[in-house]
Amino acid sequence: MPAVRAARGGLAGRRVQAVVIGLVVLAATAASTLALGLLVDSSAPFDHAFTAQHGAQVAAQVDTSKASAARLAATTRLPGVTAASGPFPETTVTAQISTPGAAGALLVPVTLTGRTSPGGPVDDLTLTSGRWARTTGEVVWASSGQGSGLVQPGTQVTLSGVPGSPRLTVVGTATSVTRTGQAWVLPAEIAALGGSGEAQMLYRFSSAGSSTAVSADVAAVRAALPPGALLGTQSYLTAEQRAAVQIAPWVPFIVAFGVIALVMSVLIVVNVVSGAVVAGTRRIGVLKSIGFTPLQVVAAYVLQVAVPAVAGCAAGAVCGNLLATPLLSQNAQVYGVGALSVPLWVDVAVPLALLGLTVVAALLPALRAGRMSAVQAIATGRAPRPSHGYLAHRLLGRVPAVPRAVTLGLAGPFARPARTFVTLAAILFGAVAVTFGAGLGTSLNRAQADLSLAQTEPVQVQLGANEPRLVPGPGSGSGSGPGSGSGPGSGPVRRRSRPAVASGAAPVTAAPVTAAQQRAVVSALRAQPGTLHYVPETDDQLSVPGLADPLSVVSFGGDASWTGYGVVTGRWYSGRREADVNTYFLTATGTVVGDTYTLSSGGRQTTVRIVGEFFDPGNSAVMFMSSATLAAVAPGLAPQQYDVGVRPGTNVQAYANALSAALGPSFPVSVTVDNSQVFTAVLGLVAVLTVLLMAVAGLGVLNTVVLQIRERVHDLGVFKAVGMTPGQTIAMVVCSVTGVGVLAGVIAIPAGVALHQYVVPVMGHGAQTDLPPSLLSVYRPGELVLLALSGLLIAVAGALAPAGWAARTRTAFALRAE
């Protein structure tokens, strides 16, 4: 076909433009594939597991003293109920967990659910290790949740507070996608323990896709039972929301980079094709003079763009999948659903969409070429009209003490104002990406430091505790130490785990901590020259109104404002009956900073005033208070650890070793390690995307400069003939884009800062937390000046290669080129 042959000839003569198009489309496809793939897969692990395990859309707790077995069975036949399981008898006990080979035990409250088997029409449990219970005295523990880090097949669990203190042996671990249970035994075990008169019913409905639909389903079940028989319900939508927290915080910034890449792709492709049309104007006339129709001319130019664009789309899809792998792999491991990858339809849809967008961008200037007459095209040539930029050349030529080569370069952009505007926009978006990426990287680094506490309280001394208790951490629901986030639904960012209860290591001794032992620890801390701060910490959990999961309470026996928790609003508590809470607590309970809240435990109550909100991503409620405040509702709890801050310049590991030698093995000393793999992967992703978009902007500049040189090649020969040196030639070419680069960099600063101020809070909301000011106020004046130079850097980098080519061009060759 003539159009194909013409396109092949155009590609052979415009290799630079073909490479530019291919690389630009590659970057846009990679960023878009990454963004859409992560967005789609943000809930995929949960969806896969929910389908495979026939997850319960509603888990209901019922009072069997008010609802007979017949009435419960009747609810399974209600209109809209598609499947049901239960009733499964339940009872809540305090489990004393012993680990083989370790001294002491750990006390955790746990609800035992009676089931004869893990299977069933609803909530088909997946055994992750061991087997199902076959007789009384055996228990299957949830793979994530209460004490999961310390439990494995063979672990002995003693039930405290139950007559005879029966002992159960863990024979297996299992997972429920909607976390309907914490541990499972045979129904006969519940009966032997006396039961509680409560049971669990699990339902699936024909319509449960929204909270409104679920509420209607629950209302139908409630109406079918006697008044007061339905004690509470749990919707699968809550678990689905927890699942989305895994990736949701990272999607906004990837989408931002993707949009920037798309806009830059369109701009640069339009610029490339327009330049090709201008540079090939005489060729268009020749093609028409030998019989090419307007449609064939348009097709030839569109094909010149489509061929490298196809290659760029294919390579971009591969790169997008590779960039998404680290985050998707981590999410897949949490849910045990095998390998996760970008969906196939995304790998097909995104390249096709980018290819279509590129073709449309090429079609408009190609139509202009098709409308030209042969005589007009041959007569016009490829140089810009003489009137364009003439005034700028005259004015700049009169500037004293500025070399003429520099003024020639600075005036060059005025010859092609439309092309200059497109180049300015491409550099602008590249500089915006640099400004945004730099600020985002700083915010993420600060968030990681705030959450790990590795800089503020890098050392912990573990104590024996009267009743050590497991404290669910942010994002873990009711799982591990604060912020450890070991189970499904854990947040994307995690505080350092508290080794005594969260890391799966041997639990601390259950022997009471005496005053003499505390004095010994304090004496050893004071004796270390590197000690700057220390404070005793006691953790507990309370059941409070408005929260489905227990409230994690962290109390300190002194001033703990130095520990490093970022305050979002309000202030750090300063006395009794004051407390700080995380964003999740405020959202779940409908409270705000300044409100009062009543805590109760064991018949005791105390009211606290919420004086501050601290930075703590995740989907579980956490409250900080003084030990005196906690003692009002849970008296007699001994400290479980001392948090220690060291003096600046102190070698943390050497300090911990010296402290450990002074205290001996009775008081384990641990060092907080700041090693979040998720943060490392995301920071690397930010750097890759930023560099990628800088390169794309540089390619846009390179294309512009190549077009300028080709259009002015005869002028270049004249300049060389009258004595312009290679150095002056390079200066002229580079200066032709420096003014555009400087202007783009200056405009990019407020635009990049505004993008950062918008996207970072959206990322925080994805992690279910508000952000402290330190994560938003990340730009310093000196840094902004350097970032403003990014536009100049992109412009110069893109112009250097064609400037070197122009400097090496021989005078005779340049004069003959016209």
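Predicted, not measured: the structure shown is a model, and the values here were computed from it.

Criteria and thresholds
- Residues numbered from 1 in each chain as written.
- Predicted model: local features only at pLDDT ≥ 70, side-chain atom pairs only at ≥ 80, totals over all residues.
- Heavy atoms only, no water.
- Helix = DSSP H or I, 4+ residues; strand = E, 2+ residues; numbered from the N terminus.
- Buried < 20%, exposed > 50% of the residue type's maximum accessible area, 1.4 Å probe, protein only.
- Contact = heavy atoms within 4.5 Å.
- Phe/Tyr/Trp six-rings, centres within 6.5 Å; stacked < 30°, edge-to-face > 60°.
- Pairing = 2+ DSSP bridges.
- Patch = residues over 30% accessible without salt bridge, like charges linked within 9 Å, V, L, I, M, F, W, Y side chains within 5 Å.
- Areas by Shrake-Rupley, 256 points an atom, 1.4 Å probe, with all protein chains shown as cover.
- Salt bridge = Lys/Arg side-chain N within 4 Å of Asp/Glu carboxyl O.
- Core = buried A, V, L, I, M, F, W, Y, C linked by side-chain atoms within 4.5 Å.
- Polar contact = N/O pair within 3.5 Å; in protein donor to acceptor, adjacent residues only side chain to side chain.
- Expected span 1.5 Å × (residues − 1).
- Arc of directions from axis to C-beta.
- Axes fitted to C-alpha atoms, helices over the stretch in contact; angles between N-to-C directions.
- Parallel < 35°, antiparallel > 145°, perpendicular 65-115°, else oblique.
- Left-handed = near helix turned anticlockwise from the far one by under 90°.
- Nonpolar A, V, L, I, M, F, W, Y, C, P; charged D, E, K, R; others polar.
- pLDDT = per-residue confidence, 0-100.
- Bend = angle between axes of the 7 residues up to and from the residue.

Novice: I'd love a proper account of the overall build of the chain, names of residues and values included.
Specialist: Counting secondary structure elements, the chain contains 25 helices and 20 strands. Classification of the 818 residues of the chain by burial places 54% in the buried group. Taking the contacts inside the chain whose residues are at least 6 apart along the sequence as the reference set, 82% of them involve residues at least 24 apart.

Novice: An account of the packing of aromatic side chains is needed here, citing residue identities and associated values.
Specialist: Scanning the entire structure with this criterion turns up 15 aromatic pairs. With a centroid separation of 4.5 Å and 70° between ring planes, the pair formed by Tyr565 and Phe624 is classed as edge-to-face. Highlighted residues: Tyr565 in the loop between β13 (551-556) and β14 (567-570) and Phe624 in strand β18 (residues 622-626), separated in sequence by 59 residues. By relative accessible area, which is 5% here, Tyr565 ends up buried. Classification of Phe624 by relative accessible area gives buried; the value is 2%. Of the aromatic side chains, those joined through ring pairs into one cluster are Phe556, Tyr565, Trp572, Tyr573, Phe614 and Phe624.

Novice: Tell me what's going on with the environment of Leu685, and back it up with residues and numbers.
Specialist: By the secondary structure assignment, Leu685 is in helix α20 (residues 677-711). Between the C-alpha atoms of Leu685 and Ile254, which are 431 residues apart in sequence, the distance is 8.9 Å. Not counting chain neighbours up to four residues away, the residues in contact with Leu685 comprise Leu34, Phe253, Ile254 and Leu323.

Novice: Describe the pairing of strand β15 (residues 578-582), with residues and values.
Specialist: Among the five residues that make up β15, five are buried, leaving the element largely enclosed by the rest of the structure. Where burial is concerned, the two faces of β15 agree: the one with Glu578, Asp580 and Asn582 and the one with Ala579 and Val581 are both buried. With five bridges joining them, β15 and strand β17 (residues 604-614) adopt parallel strand pairing. The residue of β17 that forms the bridge with Asp580 is Gly612. Pairing of β15 with β18 involves three bridges; the strand directions are antiparallel. Within β18, the residue paired with Ala579 across the bridge is Met625.

Novice: Before we move on, could you go through a nonpolar patch on the surface and cite the residues and values that matter?
Specialist: Taken together, the side chains of Leu344, Val348 and Leu352 present a nonpolar region at the surface, about 320 Å² in accessible area. Residue placement: Val348 occurs in helix α11 (residues 344-371). Note on Val348: relative accessible area 43%, which makes it partly exposed.

Novice: Before we move on, could you go through the nonpolar core and cite the residues and values that matter?
Specialist: Counting residues in hydrophobic clusters, the biggest one holds 81 residues, and the most contacted among them are Trp250, Phe253, Ile254, Phe257, Leu440 and Leu444. The element contributing the most residues to this core is α20, with 14 residues. Within the second largest apolar cluster, 27 residues are counted, among which are Tyr203, Phe205, Ala224 and Leu225.

Novice: Break down the environment of Asp347 for me, citing the residues and quoting the values.
Specialist: Summarising the element assignment, Asp347 is placed in helix α11. Discounting residues that sit within four places of it in the chain, Asp347 has contacts with Thr33, Ala317, Asn321 and Val342. Within the structure, Asp347 has its side chain in polar contact with the side chain of Asn321 (distance 2.7 Å).

Novice: Give me the lowdown on the side chain of Thr531, citing residues and values where you can.
Specialist: In this structure, Thr531 sits in strand β12 (residues 531-542). Only 2.7 Å separates the side chain of Thr531 from the backbone oxygen of Leu525, close enough to count as a polar contact.

Novice: Tell me about the pattern of salt bridges, and please be specific about residues and values.
Specialist: Summed over the entire model, instances satisfying the criterion amount to three salt bridges. Salt-bridge contacts for Arg115 lead to Asp123; the nearest nitrogen and oxygen are separated by 3.4 Å. Taking relative accessible area as the criterion, Arg115 reaches 1% and is therefore assigned buried. Taking the relative accessible area as the measure of exposure, Asp123 reaches 0% and is therefore buried. Between Glu578 and Arg571 there is a salt bridge; the shortest N-O distance is 2.9 Å.

Novice: Explain helix α6 (residues 211-224) to me, and be specific about the residues and the numbers.
Specialist: The end-to-end C-alpha distance of α6, which contains 14 residues, comes to 20 Å, matching closely the 20 Å that a straight helix rising 1.5 Å per residue would cover. Among the residues making up α6, those that are buried are Ala213, Val214, Asp217, Val218, Val221 and Ala224. Looking straight down α6, one finds its buried side chains confined to an arc of 135°; they lie on one side. Turned more than 90 degrees away from the buried face of α6, the exposed residues are Ser211, Thr212 and Ala223.

Novice: Outline the packing of helix α16 (residues 515-527) against helix α19 (residues 652-663), supporting the account with residue identities and numerical values.
Specialist: At a closest axis distance of 10 Å, the pairing of α16 and α19 adopts a crossing angle of 140°. Classified by the angle their axes make, α16 and α19 are oblique. In terms of crossing hand, the pair formed by α16 and α19 is right-handed. For the pair α16 and α19, the contacting residues are Ala520, Val521, Ala524 and Leu525 in the first and Tyr655, Leu659 and Leu663 in the second. For the contact of α16 with α19, the class distribution of residues is seven nonpolar, no polar and no charged.

Novice: Please set out the packing of helix α22 (residues 726-766) against helix α23 (residues 781-788) residue by residue, giving values where relevant.
Specialist: The description of two packed helices rests on the angle between their axes and on the distance between the axes. As a packed pair, α22 and α23 sit with axes 8 Å apart at the nearest point and diverge in direction by 125°. Here α22 lies oblique to α23, going by the angle between them. Once α22 is placed against α23, the crossing between them reads as right-handed. Contacts from Gly745, Val746, Ile749 and Val753 in α22 reach Leu784, Leu787 and Ala788 in α23. Among the residues forming the contact of α22 with α23, the class breakdown is six nonpolar, one polar and no charged.

Novice: So, the confidence of the model for the chain: which residues are in play, and what are the values?
Specialist: Taken residue by residue, the chain gives an average pLDDT of 80. The fraction at 70 or more is 81%. Low pLDDT, under 50, characterises residues 465-510; the predicted model gives this stretch 185 contacts beyond four residues in sequence or across chains.

Novice: I'd like a description of the pairing of strand β1 (residues 58-63), backed by residues and values.
Specialist: Along β1, five of the six residues are buried, which leaves the element largely enclosed by surrounding structure. Here β1 pairs with strand β9 (residues 198-205) via six bridges, running antiparallel. Bridge assignment links Val62 to a residue of β9, and that residue is Ala199.

Novice: Give me unusual backbone geometry: which residues, what numbers.
Specialist: Phi is mostly negative for residues that are not glycine, and the peptide bonds are mostly trans. Looking along the chain, the bond that leaves Gly86 and enters Pro87 is cis, with omega of 5°. Tracing the backbone shows Pro87 in strand β2 (residues 81-98). Backbone geometry at Arg179 places phi at a positive 55°, although glycine is not the residue there. Mapped onto the fold, Arg179 is located in the loop between β7 (167-175) and β8 (183-185).

Novice: Could you give me a rundown of α11, with the residues and numbers involved?
Specialist: Taking 1.5 Å per residue as the helical rise, α11 with its 28 residues ought to reach 40 Å, and the 41 Å between its terminal C-alpha atoms agrees with that figure. Along α11, the sharpest kink reaches roughly 30°, centred on Leu364 and followed within four residues by the proline Pro365. Among the residues of α11, those classed as buried are Val346, Val350, Pro351, Leu354, Thr358, Ala361, Ala362, Pro365, Ala366, Ala369 and Gly370.

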